[in-house]
Amino acid sequence: MIETDIKVTPELVAEHGLTAEEYARLLAILGREPNITELGIFSVMWSEHCSYKSSKVHLKRLPTRGAQVLQVPGENAGVVDIGDGLCAAFKIESHNHPSYVEPFQGAATGVGGILRDIFTMGARPIAVLDSLRFGPISPDPRASVEEVARNRRVLGGVVGGIAFYGNCFGVPTVGGEVSFEPCYNGNPLVNVLALGIAKKDELFLARARGVGNPVIYVGAKTGRDGIHGASLLASAEFTEESQQKRPNVQVGDPFMEKLLLEACLEAMQTGAVVAIQDMGAAGLTCSTCEMASRGGTGIEIDLARVPQRETRMTPYEIMLSESQERMLLVAERGREREVLDVFAKWGLDAVEIGRVTDDTLLRVRDLGKVVAEIPAHALAEEGPVYQRPLAPPAPRKEKLIEFASEGADLTENLLRLLASPVIASKRWIFEQYDYMVRTNTLVGPGAGDAAVVRVKETKRALALSLDGNGRWCRLDPRAGAMHAVAEAARNVACVGARPWAATNCLNFGNPEKPEVMWQFSEVVGGIAEACCAFGIPITGGNVSFYNETLGRSIYPTPVLGVLGLLEDASRAVAMAFRTEGDVIVLLDGRSEIAQTPAPGRHPDRSEGSLREIPRPAPLRGAAARNDSAWEFSSSEYAKTIRGIVTGTPPAIDLSAEKRLIECLVALAAEGAIQSAHDVSEGGLAVTLAECCFASHDSARDKSEGLSADVRLEGQEPAEAALFGEFGARAVVSVAVRSLARLREVAAQYQVAVRELGTVTSGSFRIEYNGRTGVCAPVESLRDTWAGALENALIGQGLREG
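Residues numbered from 1 in each chain as written. Predicted model: local features only at pLDDT ≥ 70, side-chain atom pairs only at ≥ 80, totals over all residues. Heavy atoms only, no water.

J.: Before we go on, may I ask you to explain the overall build of the protein chain in this structure?
T.: Counting its regular elements, the protein chain contains 26 helices and 30 strands. In terms of overall size, the protein chain behaves like a compact globule, its C-alpha atoms giving a radius of gyration of 26 Å where 801 residues would be expected to give roughly 28 Å. Along the first, second and third principal axes, the C-alpha set of the protein chain runs to 85 × 55 × 55 Å. Here the protein chain holds 801 residues, and 65% of them are scored as buried. Of all intrachain contacts in the protein chain linking residues separated by at least 6 positions in sequence, the fraction that spans at least 24 positions is 84%. (Helix = DSSP H or I, 4+ residues; strand = E, 2+ residues; numbered from the N terminus. Rg over C-alpha atoms; globule rule 2.2 N^0.38 Å. Buried < 20%, exposed > 50% of the residue type's maximum accessible area, 1.4 Å probe, protein only. Contact = heavy atoms within 4.5 Å.)

J.: So what exactly am I meant to see when it comes to the pairing of strand 4 (residues 124-134) here?
T.: The side chains of a regular strand alternate, first on one face of the sheet and then on the other. The buried count for strand 4 comes to ten of eleven residues, which makes it a mostly enclosed element. Sheet analysis places strand 4 next to strand 6 (residues 189-199), joined by nine bridges and oriented antiparallel. Bridged to Arg133 within strand 6 is Leu189. (Pairing = 2+ DSSP bridges.)

J.: I keep staring at helix 15 (residues 411-419) and nothing clicks. Help me out?
T.: One turn of an α-helix holds 3.6 residues; hence residues three or four places apart share an orientation. Within helix 15, the full set of buried residues consists of Thr411, Asn413, Leu414, Leu415, Leu417 and Leu418. In the core, the buried residues of helix 15 are packed alongside helix 21 (636-642), helix 23 (683-698), helix 24 (718-723), strand 29 (764-768), strand 30 (771-776) and helix 26 (778-793).

J.: How do you make sense of the packing of helix 7 (residues 103-120) against helix 10 (residues 254-269) when you look at a structure like this?
T.: Think of two packed helices as two axes; the pair is described by the angle between the axes and how far apart they sit. For the pair helix 7 and helix 10, the least separation of the axes is 10 Å and the interaxial angle reads 10°. By the criterion of interaxial angle, the relationship of helix 7 to helix 10 is roughly parallel. Within the contact between the two elements, helix 7 uses Gly112, Leu115, Arg116, Phe119 and Thr120 and helix 10 uses Glu257, Leu260, Leu261, Cys264, Leu265 and Met268. Taken together, the residues of the contact of helix 7 with helix 10 break down into seven nonpolar, two polar and two charged. (Axes fitted to C-alpha atoms, helices over the stretch in contact; angles between N-to-C directions. Parallel < 35°, antiparallel > 145°, perpendicular 65-115°, else oblique. Nonpolar A, V, L, I, M, F, W, Y, C, P; charged D, E, K, R; others polar.)

J.: Can you walk me through the sheet that holds strand 30 in this structure?
T.: Hydrogen bonds between backbone atoms are what pair the strands of a sheet, whose relative direction is either parallel or antiparallel. Reading across from one edge, 25-27-22-28-26-29-30 is the order of the seven strands in this open sheet, with mixed pairing throughout. A strand with exactly one partner marks an edge of an open sheet, and here the two such strands are strand 25 (675-678) and strand 30. Averaged over all pairs of adjacent strands, the angle between strand axes in this sheet comes to 20°, irrespective of strand direction. In this structure, strand 22 (residues 583-588) lies alongside strand 27 (residues 729-734), joined through six bridges in antiparallel fashion. Along strand 27, the bridge assignment pairs Leu586 with Val731.

J.: Just to check I follow, could you spell out the sheet that holds strand 9 (residues 298-302) for this structure?
T.: Reading across the sheet, the seven strands line up as 8-10-7-11-9-12-13 and stay open at both edges, with mixed pairing between neighbours. Because the sheet does not close on itself, it has two edges, and the strands there are strand 8 (273-278) and strand 13 (369-375). Strand-to-strand twist of the sheet, defined as the mean angle between neighbouring strand axes without regard to direction, takes the value 25°. Along the sheet, helix 7 contacts strand 8 and strand 10 (326-331); its crossing angle with strand 8, the most-contacted strand, is approximately 165°.

J.: Please clarify how the nonpolar core should be interpreted in this entry.
T.: One finds Ile527, Phe534 and Leu587 to be the most contacted residues of the largest nonpolar core, which totals 67 residues. Every residue in contact with Leu587, bar those within four places of it in the chain, is listed here: Leu660, Cys663, Leu664, Leu667, Ala728, Arg729, Ala730, Val732, Leu742, Val751, Ala752 and Val753. (Core = buried A, V, L, I, M, F, W, Y, C linked by side-chain atoms within 4.5 Å.)

Following this line, the structure appears as structure tokens:
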């Protein structure tokens, strides 16, 4: 029986992930019963992964416009103007489900896919960052021994896959974040962001134009790997049978992709390329129908011309294959030979497989016989859209933290916190990445709050930070999302860059559950409010649903990637203390002298733009401080030291965050500060310790690293003062001669300046209200922090990567 003779039954429809209502919609579009190939095509394009059918109604609330935005969401990547006739293309994508099923290839192909999104726009990739989430990798009462062992293997495979693809392709992996929580047992998160540079007048879009123009397939041959990866792997929960989905995971070849990059960019320079699209999720199906839909045209192809690496592949398999390193482009008729010659030069397949038509149909032939014929726009843009029910989760039973007695020695608790995988050094991970290739990296992994890469042939540099806090979003999705935006923007400002634009990856459980959709709606609202307050447009991103294993959902985990613009690359600021005797200062945007904030920015929900809407002033004084057990119970300290994950995230003041960001950018531009590091996980004590550790890492002789002698005063318990995680704060070091100027600049932005102590070469010491809270040789603290992650992996065959 040939596949066109396979009868489409209700059971077959259900196996393809389509509901009865969706199938009825399909029938109305076609006006007839589909064949098996058409059913497969609809199933991938109308999957959650490709269609955004559950999230689309909510994403409209995000602000996407701004003077700097050249390309809003809807293309392969967002694009912003960075001056000097150049633009930056950047985007983040998830590869969560494939990375659980096959960690190495799942992560590797995640890197490959996001790189193609960038150079499809005509931009050369210059940096990659990754945001990773795993279950516990050390003994934990919330994870079994088997789960811990599996988490270690997944971690090793994911990091190895990212390193393999990025290093071989020749793009630096310059930063990111890693976190560990039991909710990611069996469902790791692998989110990868890529950044590229192009000339403003040389951008390319995926819009098929010019009736009669040839459609050309370029790159690797098509195989059976990745079939139904979008519809059946990335759009469904994990079950006991998930390991059987290994054939749905693609196999990557970074060397092939490097050739594809150079060939595509060279072909674009000929002027003969009209449009180009990556064959990512849904492969040839997605690239053909989306290019036709965006261009208001049709596309006709013949599968007999598609290069294939396996025999007897059916039309169904060819259209749904997600084999990697493939692109589809439209060339100007009469100039196709120019394009074909470029790809021949690079040793790549380039075959004319079809043409652009004027009938707005996606028509698929096999040896001349029509095997699928579908309206392109209906397939790409008229799929189901759901306004799913929303309901908050049931109230939690709260057990709040009890503070230690005043005067208690907290040194041992700091050591335990530094050894926790969330805070410990990630050197074991980033030393596997080549983060200096292409020689653009100014601030690399572990050296600053954000990565900084120079823009060659200009004075400028770009900064990038990835941040998210699933634990806080579980406790309060809206506040947690605002904190994620604020921290990413704060990190970019700490290296001296002005937050310029953002991308997001939204990782959630099953959207068919009302509590999950409530979390999603709240998170989108929080992101929109924070981005509007900071004037940061969202230029693109990704939604990953169905991150559940055996019915257990992950924490709602939005990851924000903020791009910053640094006008003078020589002014980039790292986190390391630099000079003994410098003054250590806490900059606090929640200054008591701050006036009533300007009206906040809330999203204009109808147009996705920024619109001024008055809002009440945030709470100030003690009410805005994280001096309560309720807020402190949500901290990393409470989780690690007391085993408590309750309460609420700290209250957030977006106006205070904005003042701090502007102050940091101004101080860096003047060269007034020696270092900067924001206060986040682990609170002030961990921030100070990390500034010391960074000075050791940057010193030629590690024994020459610096330390800190700090004296604090306050009304809150010592644990909250040292380890509280309320935002709008950053620790900077400043030369004594520059202290007066720092105060002047801070006053201009209504940011409080609090002298904490001095940079020293002695023991690490923090006093609170005249009593020693922490005192230890900085080397002992650093050794604990530096070796904790690697020690957790000893005996698992992962130390060598």
